[in-house]
Structure formats: C-alpha cells, structure tokens
Amino acid sequence: MKTKVYTAQAFATGGREGSVSSEDGVLDLKMNLKNDGSATNPEQLFAAGYAACFESTIRMLAQQQKIKLTETGVNGLVDLQQDENSYGIAVVLEVSLPEIDEETAHDLLEKAHQNCPYSKATRNNIPVTLNLVRKMTSTL
C-alpha cells in the first residue's frame, strides 16, 4: 500500500483564457490561448512540472548510485497537437548530464523514465522522447 506524501491543489476558471491558482496562493497565473508572452498555458505548466519531476528523479537515482551531478538540467517541451478529431500532446525531454559519460547518462535517463511519476502517468498515453544533450544553457 502506498502512503500519500503530498496533495497539490489548484483551481482553474475561464479555461485557456482564464486563470489558475493554488490553494496557498503561491501559484496565481493568468492563462492565454495565444501564448503571446502575457500569460501561461497548460502546456507550459505541464512542461515545467515534468521537467522538474524528471530532474529530481535523475538526481535521486544518481545519488543512489553514488554519481555526483552538479550541472544537470532538463528542458521540457510540450507540443499541443491537433488532428481532424481532437487535440493531444507530445513531450520531448532534453536532458543535460555533461559531467558523466554517455553510456552512464543514457542508463540514468532510462531508469529515470521508468521511475519518474510523470513518466509513469504518461506511459502508453502520449509520446515521450528523451534526448541526451551534452551541455545545456537555460533559455530563461
């Protein structure tokens, strides 16, 4: 039996043209369908959550294997896609692990993909591509 560690709560109103907020007020964002830089959208929020969760999983697994990581980063890209009937999403995770060799890095990526809660939740539901990049700089 699993033990609940944490429950996140967020409230949305107005859909893609409305707002989202967390119960504690830390998250309080305007939503914007056009993604014109004035507000966020569900895809950005999903990309941020998946990237943070995936990196945390990598760090946890590395620590268990006594691999020291200091320059790790994950860039989450979420595509909103449309076909003739509906919308869907696809994910690309660009993972930078410059301080370890490529074989170890790929092994760590695969193990993280098996253990990350977001990866588990999306498995067999949406396409997720893992790309190892040698050095990443933040676009923020």
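Up top you'll find the structure we're talking about.
Residues numbered from 1 in each chain as written. Predicted model: local features only at pLDDT ≥ 70, side-chain atom pairs only at ≥ 80, totals over all residues. Heavy atoms only, no water.

Q: Hey, could you run me through the environment of arginine 134 in this one?
A: Checked against the element boundaries, arginine 134 lands in the segment after β6 (128-133). Classification of arginine 134 as partly exposed rests on a relative accessible area of 34%. Sequence spacing of arginine 134 and glutamate 43 is 91 residues, and the spatial spacing of their C-alpha atoms is 25 Å. The contact partners of arginine 134, leaving out residues within four places of it in the chain, are Ser96, Leu97, Pro98, Ile100, Asp101, Glu102 and Ala105. (Helix = DSSP H or I, 4+ residues; strand = E, 2+ residues; numbered from the N terminus. Buried < 20%, exposed > 50% of the residue type's maximum accessible area, 1.4 Å probe, protein only. Contact = heavy atoms within 4.5 Å.)

Q: When you look at the sheet that holds strand β3 (residues 28-30) in this model, what are you seeing that I'm missing?
A: In sheet architecture, strand pairing relies on hydrogen bonds along the backbone and comes in two forms, parallel and antiparallel. Overall, antiparallel pairing links the 3 strands, which are arranged β1-β2-β3 in an open sheet. Only two strands of the sheet have a single neighbouring strand rather than two, namely β1 (10-13) and β3. Along the sheet, successive strands turn relative to each other by an average axial angle of 10 degrees, direction set aside. Alignment of β1 against strand β2 (residues 19-22), held across 4 bridges, turns out to be antiparallel. Residue pairing for β2: phenylalanine 11 is matched across the bridge by serine 21. (Pairing = 2+ DSSP bridges. Axes fitted to C-alpha atoms, helices over the stretch in contact; angles between N-to-C directions.)

Q: What should I look at first to understand the packing of aromatic side chains in this one?
A: Working definition: an aromatic ring pair is given by the centre-to-centre distance plus the angle between the planes. Counted according to the given criterion, the structure contains 4 aromatic pairs. Taking the centre distance of 5.9 Å and the plane angle of 85 degrees together, the rings of phenylalanine 46 and tyrosine 50 count as edge-to-face. Residue phenylalanine 46 and its partner tyrosine 50 are both found in helix α1 (residues 42-64); the two are separated by 4 residues, about one turn of the helix. On the accessibility criterion, phenylalanine 46 (24% relative accessible area) is partly exposed. For tyrosine 50, a relative accessible area of 1% translates into the label buried. Ring centres of tyrosine 50 and phenylalanine 54 lie 6.4 Å apart, and the angle between their planes is 65 degrees; on these two criteria the pair is classed as edge-to-face. Residue tyrosine 50 and its partner phenylalanine 54 are located together in helix α1, separated by 4 residues, close to a single helical turn. The exposure classification of tyrosine 50 matches that of phenylalanine 54, with both residues buried. In textbook terms, an aromatic cluster arises when at least three aromatic residues are bridged by ring pairs, as seen for Phe46, Tyr50, Phe54 and Tyr118. (Phe/Tyr/Trp six-rings, centres within 6.5 Å; stacked < 30°, edge-to-face > 60°.)

Q: What's the story with the sheet that holds β6 in this structure? I'm lost.
A: Overall, mixed pairing links the 3 strands, which are arranged β4-β5-β6 in an open sheet. On the outer flanks of this sheet lie β4 (73-82) and β6, each paired with one strand and no other. Strand after strand, the sheet turns through a mean of 20 degrees between neighbouring axes, direction not considered. In this structure, β4 lies alongside strand β5 (residues 87-96), joined through 10 bridges in antiparallel fashion. By the bridge assignment, glutamine 82 is partnered in β5 with tyrosine 87. Most of the contacts of α1 go to β4, to which it runs at about 145 degrees, and overall it touches β4, β5 and β6.

In short, shape yes, function no, at least from these values alone.
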